[in-house]
Amino acid sequence: MLYPRIIPVLLVHDKGLVKTVKFKDPKYVGDPLNAVRIFNEKEADELIVIDIDATANGREPDFQLIANLASECRMPLCYGGGIKNLEQAKKILSLGVEKIALSSSAIASPQLIAEIATQVGKQSVVVVLDVSKKLFSSKYECWTHNGKKNTKVCPIEFAQIAEQHGAGEIVINSIDNDGTMKGYDLHLAREIKSRVGMPVTVLGGAGSHEDIKNLIAQEGVVGAAAGSLFVFKGKYKAVLINYPNKNEKRSIISSLK
Amino acid sequence: MIGIINYGLGNIKAFSNVYDRLNIAHFYISTREDLKSATKIILPGVGAFDHAMGMLNKSGLRDDLDEAVLEKKIPVLGICVGMQMMANSSEEGTMPGLNWIAGTVKKFDFLAPDVKARNPLPHMGWNQIIIQQDSFLFNDLDEEKRFYFLHSYYFDCVDKQHSAASAKYGFEYSCVVNKENIYGIQCHPEKSHHNGVSFLKNFAVN
């Protein structure tokens, strides 16, 4: 059977690894290469690395850093941050990365998804949507530039547009739940997953294995991604890279079969 | 020595990393001359079928590769699209394949009447392989036999004897093929942790 994917998400800022809360207050949690090595040993299902400076500072992806990460990484790797064109996407994939993630550039021009997917195959093109809901509103909107720019684009509609243009996976990231460790936005997960025919990965809010278990119980085979959960331990949030072991994984997915 | 075909496609560095850690000597095959010293060959591949075939045809290695595999019977392992290229053709494109193992590469069709599950595409993530024919390639795999998959097309062999292992995604299909010295795997052993390492090691040392 196909298993749900449990995916650590690493945020890169000033060449170090950080973790944010609601996209703010980046806290330094270590060295990216060292983290990759630890996740290798723990045999993580996949890894997502996002450079949170690239788009915000209007610069290119850091190809040297990506090359270093890719050559260290023994599991499938998805890189996102600052990718604006086909050439950059191809260059990153040639460095040994399995998937590239687009966000602001895809929202600005969905045609870019098609352009990249036809060349490299849709299996390598991921669209990440950072979404937030205004207080007392029921309407989700996509934000870019580290949650500073509201595109007013509806994530549910855009997920479908992305799929039509050849995206192979959608990562739906809740800004409101980011770093809060209070559980996924299960309503948002349902909204997106029920409307697209490509794999969906949910990010934002996971604070325990129980939260992942709940997501899988609701959505079945899905990508369950998390940042804080896999870099912090305990209520004082001591930095400790961790990942469920075989038995814990078995329990997390026990609702399946 | 085991040679990895370098024709501008596929994650050749990932294979090199695995063999480095295993202390197994290997090199990249970029020229016809390189190909001569290979006692085993890995044919990687990603992306669209026609693009991959086009790149291999343009590489200048094509004729010598056919000769090495079909006449000299040098063991070859195709991975992902590298495996799909071994077929006669693919629904993904119009170019002919390598014609090494009879079959066509088909798109997962979850709308066919005999298929129950309408699964997302691509088939992405960790799935179990089911061994159909004993092979040295499967030595030392663990009980679950989980490998990483990332694809929307699969190899449909004409002769089911050529299917060495299968996987289930909506229906059961071949994910490892073998005919004489020719081997192919749809999943990514280079990204499949300990099972993938065992698989690549088995190909290299047996």
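Residues numbered from 1 in each chain as written. Chains lettered and ligands numbered in written order. Predicted model: local features only at pLDDT ≥ 70, side-chain atom pairs only at ≥ 80, totals over all residues.

Visitor: How would you sum up the overall build of chain A? Please name residues and give values.
Guide: On a plain count of helices and strands, chain A comes out with ten helices and 14 strands. At 17 Å, chain A has a C-alpha radius of gyration in line with the 18 Å of a compact globule built from 257 residues. Across the 257 residues of chain A, 53% fall into the buried class. Look at the contacts in chain A between residues 6 or more apart in sequence, and 65% of them connect residues 24 or more apart. (Helix = DSSP H or I, 4+ residues; strand = E, 2+ residues; numbered from the N terminus. Rg over C-alpha atoms; globule rule 2.2 N^0.38 Å. Buried ≥ 20, exposed ≤ 12 C-beta atoms within 10 Å, placed from the backbone. Contact = placed C-beta atoms within 7 Å.)

Visitor: Go over the interface of chain A and chain B, please, and point to the residues and values.
Guide: With 21 residues of chain A at the interface, the matching set in chain B holds 23 residues. Partitioned by chemical class, the residues of the side of chain A that touches chain B number eight nonpolar, six polar and seven charged. (Nonpolar A, V, L, I, M, F, W, Y, C, P; charged D, E, K, R; others polar.)

Visitor: Now, about unusual backbone geometry: what can you tell me, with residues and values included?
Guide: The omega torsion of the bond from leucine 121 of chain B to proline 122 of chain B falls at 0°, within 30 degrees of zero and hence cis. One can find proline 122 of chain B in the loop between β6 (103-107) and β7 (123-128). A positive phi angle is found at lysine 15 of chain A, which is not glycine, with a value near 65°. Note that lysine 15 of chain A resides in the loop between β1 (5-13) and β2 (16-21). Classification of lysine 15 of chain A by C-beta neighbours within 10 Å gives exposed; the count is 11. Its identity as a non-glycine residue notwithstanding, asparagine 23 of chain B has a phi of 60°, on the positive side.

Visitor: Go over the packing of helix α3 (residues 86-94) of chain A against helix α5 (residues 111-120) of chain A, please, and point to the residues and values.
Guide: All names here are of chain A. Running from N to C, α3 and α5 point in directions that differ by 40°, and their axes come no closer than 10 Å. Classified by the angle their axes make, α3 and α5 are oblique. For the pair α3 and α5, the crossing hand works out as right-handed. Two secondary-structure elements touch here, α3 through Leu86, Ala89, Lys90 and Leu93 and α5 through Glu115, Ile116, Gln119 and Val120. In terms of residue class, the contact of α3 with α5 is built from five nonpolar, one polar and two charged. (Axes fitted to C-alpha atoms, helices over the stretch in contact; angles between N-to-C directions. Parallel < 35°, antiparallel > 145°, perpendicular 65-115°, else oblique. Left-handed = near helix turned anticlockwise from the far one by under 90°.)

Visitor: I'd like a description of α3 of chain A, backed by residues and values.
Guide: Residues and elements named next belong to chain A. Turning to α3, its buried residues are Ala89, Ile92 and Leu93. On an axial view of α3, the arc spanned by its buried residues comes to 100°, and they lie on one face. On its buried face, α3 is in contact with α2 (63-72), β5 (77-80), β6 (99-102) and α5. (Arc of directions from axis to C-beta.)

Visitor: Give me the lowdown on the pairing of β1 of chain A, citing residues and values where you can.
Guide: Residues and elements named next belong to chain A. For β1, a buried count of eight out of nine residues is recorded, marking the element as mostly surrounded by other parts of the structure. For β1 and strand β12 (residues 223-226), the ladder comprises four bridges, and the chain directions are parallel. Each residue of the ladder has a partner; that of isoleucine 6, found in β12, is alanine 224. Counted along the chain from β1 to the antiparallel partner β2, the turn is two residues long, and its residue aspartate 14 has a positive phi close to 50°. (Pairing = 2+ DSSP bridges.)

Visitor: Before we move on, can you summarise the packing of helix α7 (residues 186-193) of chain A against helix α8 (residues 209-219) of chain A with the specific residues and values?
Guide: Residues and elements named next belong to chain A. It is at 11 Å that the axes of α7 and α8 come closest, and there the two elements cross at 35°. Our pair here, α7 against α8, has a crossing hand that is right-handed. In this structure, α7 uses Leu186, Ala189, Arg190 and Lys193 to contact α8, whose residues at the interface are Asn214, Leu215, Gln218 and Glu219. Here the contact of α7 with α8 is built from residues that sort into three nonpolar, two polar and three charged.

Visitor: I'd love a proper account of the confidence of the model for chain B, names of residues and values included.
Guide: Of the residues in chain B, 100% have a pLDDT of 70 or more, and the chain-wide mean is 95. At the level of chain-chain contacts, confidence expressed as ipTM amounts to 0.94, with global pTM at 0.95. (pLDDT = per-residue confidence, 0-100.)

Visitor: Requested: an account of the pairing of strand β7 (residues 125-133) of chain A, with residues and values cited.
Guide: All names here are of chain A. Across the nine residues that make up β7, a large majority, eight, are buried. Where β6 and β7 come together, three bridges link them in parallel fashion. Within β7, the position partnered with alanine 101 by the bridge is valine 126. Bridge analysis of β7 against strand β10 (residues 169-174) gives six bridges, and the strand direction is parallel. Looking at the pairing, leucine 129 lines up with isoleucine 172 of β10. In this structure, β7 lies alongside strand β8 (residues 140-144), joined through four bridges in antiparallel fashion. Each residue of the ladder has a partner; that of lysine 133, found in β8, is tyrosine 140. Two successive antiparallel strands, β7 and β8, enclose a turn made up of six residues, where phenylalanine 136 displays a positive phi of approximately 65°.

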